[in-house]
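One letter stands for each residue in the lines below.
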Amino acid sequence: MRTLRVATRRSALALTQTNHVVELLKRVARGVEFELVPIRTRGDEIVDRALSEVGGKGLFVADIEQAIATGQADLAVHSLKDVPFELREGLTIGAVPRREDPRDALVSRAGQMLVELPPGARIGTSSLRRQAAIRRLRPDLRVDTLRGNIDTRLRRLAEGQFDAIVLAVSGLHRLGLDDKITEYLPVHQFVPAVGQGALAVECRADDDEVMRYLAAISDPDTTRAVEAERAFLSRVEGSCQVPIGAYAERVGHQLRLTAFVADPSGTQHIQVEQTGDHPRALGVAVADEVLRQGADAWLKAGQGD
Ligand SMILES: NCc1[nH]cc(CCC(=O)O)c1CC(=O)O
């Protein structure tokens, strides 16, 4: 009986996500043993600068991909929003399990909602998308850079460096930190990052056994939704320097895609919502509409959250 090796980053979030997927896999791969292979990635080393400045979120993924490609590991679990469009040659996303809550959360020190924060209050986030969403609703607030893992961010809030911070509901939920959340920010105001709340399980494309187990834990609705979101992102080719988000969900038998793009300074934005049957065609149609409305002037190459 085979033992499957699962590459994982060491952060608490990466470990809970990996363990969650291993539990799903144990139900469909009876008798198979799983062994974690902890890996330190370049993305984990950089905590003092915005990822958009240093080469993007792909830094979290590249070193993990190396481990799978060389056979040091057989699979790995990523936050889907960190996974670049182009995977390493020979690797594939074998599973997209059911998505967690895709929304952003406001965590404020004194329990105020976004509308209740006093003018000039300091908000921590390094995501250009979140900065633009804040600016759209509360241009009077001060937004400052905040990076690091979830614990680090919550600590810096508690220490008083910020009045509030914005992070993904899914990360907090996976760490059992839901009680920290002050406000669940609605998706039409904070359009989530492409793939936010979803996981991607990557493996070698020619590993038939692993591919079979992964197919069995994949969620069709989530897979279709992130296909539309990623098709949108790929078509607009948004750069790290441009605020961008897209969120799709099933509505009856169709898919509804909402996309958001702002200019690099986050002062102007375009938001488009369309419904369709085919995920990729929908993503492309929404991208073309966003570009037609003027986003093409803001965009050049990559992505950023
Ligand atoms: N930006 C980093 C990142 N990558 C994945 C998550 C967790 C959210 C998810 O599962 O999509 C986070 C933290 C955050 O955005 O607050």
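Parameters at a glance
- Residues numbered from 1 in each chain as written.
- Predicted model: local features only at pLDDT ≥ 70, side-chain atom pairs only at ≥ 80, totals over all residues.
- Heavy atoms only, no water.
- UniProt positions renumbered as here; feature names shortened; annotations may be inferred.
- Helix = DSSP H or I, 4+ residues; strand = E, 2+ residues; numbered from the N terminus.
- Buried < 20%, exposed > 50% of the residue type's maximum accessible area, 1.4 Å probe, protein only.
- Contact = heavy atoms within 4.5 Å.
- Near = heavy atom within 4 Å.
- Polar contact = N/O pair within 3.5 Å; in protein donor to acceptor, adjacent residues only side chain to side chain.
- Areas by Shrake-Rupley, 256 points an atom, 1.4 Å probe, with all protein chains shown as cover.
- Nonpolar A, V, L, I, M, F, W, Y, C, P; charged D, E, K, R; others polar.
- Domains from an automatic or database assignment.
- Core = buried A, V, L, I, M, F, W, Y, C linked by side-chain atoms within 4.5 Å.
- Expected span 1.5 Å × (residues − 1).

Under an unreviewed UniProt entry, the protein chain has the name Porphobilinogen deaminase and belongs to Alicyclobacillus mali. Check the Catalytic activity (unreviewed entry) section of the UniProt entry for the protein chain; it says "4 porphobilinogen + H2O = hydroxymethylbilane + 4 NH4(+)".

A word on the side chain of S170
Tracing the backbone through its elements, the reader meets S170 in helix α7 (residues 169-174). The class for S170 is buried, based on a relative accessible area of 5%. Those residues in contact with S170, other than ones at most four positions away along the chain, are E100, D101 and G197.

So, the site of the ligand
The full set close to the ligand counts 14 residues, and K81, R130, A168, S170 and G197 are the nearest of them. In this structure, D82 approaches the ligand through a side-chain N or O atom, which is 3.3 Å from a nitrogen atom. Note that an oxygen atom of the ligand is positioned 3.0 Å from one of the side-chain N or O atoms of R130. When isolated, the ligand has an accessible area of 390 Å², and the protein chains bury 92% of it. Mapped onto the shell around the ligand, the elements with two or more residues apiece are α1 (12-28), β8 (164-168) and α7. Residues that form the shell around the ligand fall into these classes: 3 nonpolar, 5 polar and 6 charged. No fewer than three residues from each of domain 1 (3-97 + 198-218) and domain 2 (104-185) sit in the shell around the ligand.

Some thoughts on the nonpolar core
Ranked by internal contacts, the top residues of the largest apolar core, which has 23 residues, are F232, L257, V261, V286 and V290. Contributions of two or more residues to this core are made by α9 (220-236), β11 (244-251), β12 (254-262), β13 (269-276) and α10 (279-292). A total of 5 residues in this core trace back to one element, the largest contributor, which is α9. Setting aside its immediate chain neighbours within four residues, L257 contacts A228, E229, F232, A246, Y247, A248, V272, E273, Q274, L282, G283 and V286. V6, L24, L199 and C203 belong to the second largest nonpolar core, which has 19 residues in total.

Focus on α9
One turn of an α-helix holds 3.6 residues; hence residues three or four places apart share an orientation. Between its first and last C-alpha atoms α9 spans 25 Å; for 17 residues at 1.5 Å apiece the expected length is 24 Å, and the two agree. Along α9, the residues that are buried comprise T222, A225, V226, A228, E229, R230, A231, F232, L233 and V236. Structurally, α9 contributes buried residues whose contacts are with β11, β12 and α10.

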